[in-house]
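Structural overview
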Amino acid sequence: MNPHWVYSQNTRPPGRNSIHYLSTGIVWEKPILHPEESGSYPDEIKDSAARRALYDYFEENNTYVNLKTKLSESLGVNVRTYLLDSKVDNKYVLDLINKFNNDNMVDGIIVQLPLPESLDKDKILNSICWYKDVDGISSISVNRYLCNKECLVSPLVRSVISTMNYYNIDINKKVFIKCDDVNTNILLNSLFKNKSLLALESDVIIIISDNIFDQEVKENVIVIDGGYNKINGEVVGCVSKRIKSVSSMYTKEIGGINNLVIPYLLDNLYRIKNIKRV
């Protein structure tokens with residue numbers, strides 16, 4: 001699959017009525033990767049309701065959760081959001097997930113990260129049935145992927161690979177990966193043979209972090225920025241402007257690979273319909 005999308009609200013996949021969504025390939029017509037800074041986000045991104053939802057999100061500074069909900073509902077997905085107190089304990093969350101695991105009307109489950117430090121992230125994520133793990137980042141889902149078993153792959157990882165494939169970036173180039181999430185990091189590292197521990201000697205750097213990355217890099221490096229941070233109200237991604245200034249290409253903070261994450265998440269939701277639960 002390449003990084004473009006076709007949406008159809010007139011085609012309903014077989015199964016429950018909770019999903020009225022079809023994904024069949026691709027349609028982002030404007031580049032995701034930009035050789036240099038550009039001004040405003042391209043007007044062409046407003047071509048469809050889905051793109052308008054993405055555009056409105058960044059323009060209005062809505063939350064990521066609201067964006068997922070808005071885009072999902074525009075495609076006919078029934079979304080239920082549970083806002084929990086930050087002081088909730090592990091048992092309460094695990095009981096709630098177990099309830100959803102056993103509810104045939106619930107196709108997919110997402111636990112929005114980060115979690116409060118009082119909660120056991122791994123235990124909570126691993127309690128999700130692998131065939132309902134839409135984010136695909138539990139240890140169980142990652143292990144199934146590494147063992148070539150059927151699973152749902154992280155939308156963020158799929159977005160990184162699609163972007164590289166679309167722009168003919170050789171995956172055999174020397175790659176440096178920095179990812180805060182352990183399981184996403186394992187997935188990304190499994191996809192590249194020529195990895196480096198030093199950004200300075202790498203042709204491609206992939207950074208997915210809650211912090212700004214500003215190590216030394218080589219001239220004309222290719223930058224995949226998968227973060228979303230703000231400094232003084234400005235969206236800055238997770239790679240410094242200094243690094244981007246010496247790069248040959250980099251993904252934009254607005255309009256970059258994060259534009260693909262939610263469509264791939266919805267694609268995972270659609271795939272659940274036909275998954276073999278063994």
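A quick note: this is a predicted structure, and the numbers were derived from the prediction, not measured.

**Looking at the overall build of the protein**
- Of the regular secondary structure elements, the protein holds nine helices and seven strands.
- Looking at the 278 residues of the protein, the share that counts as buried comes to 49%.
- Excluding contacts between residues fewer than 6 apart, the proportion of contacts in the protein whose partners are at least 24 apart in sequence is 61%.
- About 14,100 Å² of surface is accessible on the protein, with carbon and sulfur atoms providing 49% of the total.

**Comments concerning the confidence of the model for the protein**
- Of the residues in the protein, 76% have a pLDDT of 70 or more, and the chain-wide mean is 76.
- Contacts from residues 1-62, a stretch scored under 50 in pLDDT, to residues over four places away or in other chains number 155 contacts.

**Some thoughts on the pairing of strand 2 (residues 175-179)**
- Of all five residues in strand 2, four are buried, a share of seventy percent or more.
- Relative to strand 3 (residues 204-208), strand 2 is paired through five bridges, and the arrangement is parallel. Bridge pairing links V175 to V204 in strand 3.

**With respect to the packing of aromatic side chains**
- For the structure shown, the criterion picks out four aromatic pairs.
- Pairing Y82 with F100 gives two aromatic rings, centres 5.1 Å apart and planes at 50 degrees, and the pair type is tilted. Taken together, the residues span a long stretch of sequence, with Y82 in the loop between helix 2 (64-74) and helix 3 (90-101) and F100 in helix 3 at a distance of 18 residues.
- What makes F100 buried here is its relative accessible area of 10%.
- Between the aromatic rings of W130 and Y131, the centroid separation amounts to 5.6 Å while the plane-to-plane angle is 80 degrees, which identifies the pairing as edge-to-face.
- Since its relative accessible area comes to 11%, W130 is described here as buried.
- Note on Y131: relative accessible area 18%, which makes it buried.
- In this arrangement the basic side chain of R144 is found over the ring face of W130, its NZ or CZ atom lying 3.7 Å from the centre.

**A short note on the pattern of salt bridges**
- All chains considered together, the criterion is met by 11 salt bridges.
- Linking D95 and K91 is a salt bridge whose minimum nitrogen-to-oxygen distance equals 2.7 Å. Highlighted residues: D95 and K91, both in helix 3, separated by four residues, approximately one helical turn.
- What makes D95 partly exposed here is its relative accessible area of 42%.
- Its salt-bridge partner being D203, residue K218 comes within 3.1 Å of it at the nearest N-O pair. Here K218 is found in the loop between strand 3 and strand 4 (222-225), whereas its partner D203 is found in the loop between helix 7 (182-191) and strand 3, with 15 residues between them in sequence.
- Look at K218 and you get partly exposed, because its relative accessible area is 28%.
- One connected set of salt bridges, linked through shared partners, spans R158, D267 and R271.

**Brief notes about helix 3**
- For helix 3, which comprises 12 residues, the first-to-last C-alpha distance of 16 Å matches the rise-based estimate of 16 Å (1.5 Å per residue) to within 8%.
- Residues V93, L94, L96, I97, F100 and N101 constitute the buried set of helix 3. Viewed along the axis of helix 3, the buried residues span an arc of 160 degrees, placing them on a single side of the element. Exposed positions of helix 3 whose direction lies more than 90 degrees from the buried face are K91 and K99.
- On its buried face, helix 3 is in contact with helix 4 (121-126).

**Things to note about the nonpolar core**
- In this structure, V160, M164, L188, V204, I206 and I224 are the most contacted members of the largest nonpolar core, which totals 20 residues.
- Secondary-structure elements contributing two or more residues to this core are helix 6 (155-166), strand 2, helix 7, strand 3 and strand 4.
- Each residue touching I224, except ones within four places of it in the same chain, is listed here: V160, M164, V204, I205, I206, I207, T251 and I257.

**So, the packing of helix 6 against helix 9 (residues 258-271)**
- Between helix 6 and helix 9, the least distance of the axes is 8 Å, while the angle of their chain directions is 120 degrees. The angle between helix 6 and helix 9 falls in the class oblique. Seen along the crossing, helix 6 lies across helix 9 with a hand that is right-handed. In this structure, helix 6 uses P155, L156, R158, S159, S162 and T163 to contact helix 9, whose residues at the interface are L260, V261, Y264, L265, D267, N268 and R271.
- Its residues assigned to classes, the contact of helix 6 with helix 9 comprises six nonpolar, four polar and three charged.

Parameters and conventions
Residues numbered from 1 in each chain as written. Predicted model: local features only at pLDDT ≥ 70, side-chain atom pairs only at ≥ 80, totals over all residues. Heavy atoms only, no water. Helix = DSSP H or I, 4+ residues; strand = E, 2+ residues; numbered from the N terminus. Buried < 20%, exposed > 50% of the residue type's maximum accessible area, 1.4 Å probe, protein only. Contact = heavy atoms within 4.5 Å. Areas by Shrake-Rupley, 256 points an atom, 1.4 Å probe, with all protein chains shown as cover. pLDDT = per-residue confidence, 0-100. Pairing = 2+ DSSP bridges. Phe/Tyr/Trp six-rings, centres within 6.5 Å; stacked < 30°, edge-to-face > 60°. Lys NZ or Arg CZ within 6 Å of the ring centre and 35° of its normal. Salt bridge = Lys/Arg side-chain N within 4 Å of Asp/Glu carboxyl O. Expected span 1.5 Å × (residues − 1). Arc of directions from axis to C-beta. Core = buried A, V, L, I, M, F, W, Y, C linked by side-chain atoms within 4.5 Å. Axes fitted to C-alpha atoms, helices over the stretch in contact; angles between N-to-C directions. Parallel < 35°, antiparallel > 145°, perpendicular 65-115°, else oblique. Left-handed = near helix turned anticlockwise from the far one by under 90°. Nonpolar A, V, L, I, M, F, W, Y, C, P; charged D, E, K, R; others polar.

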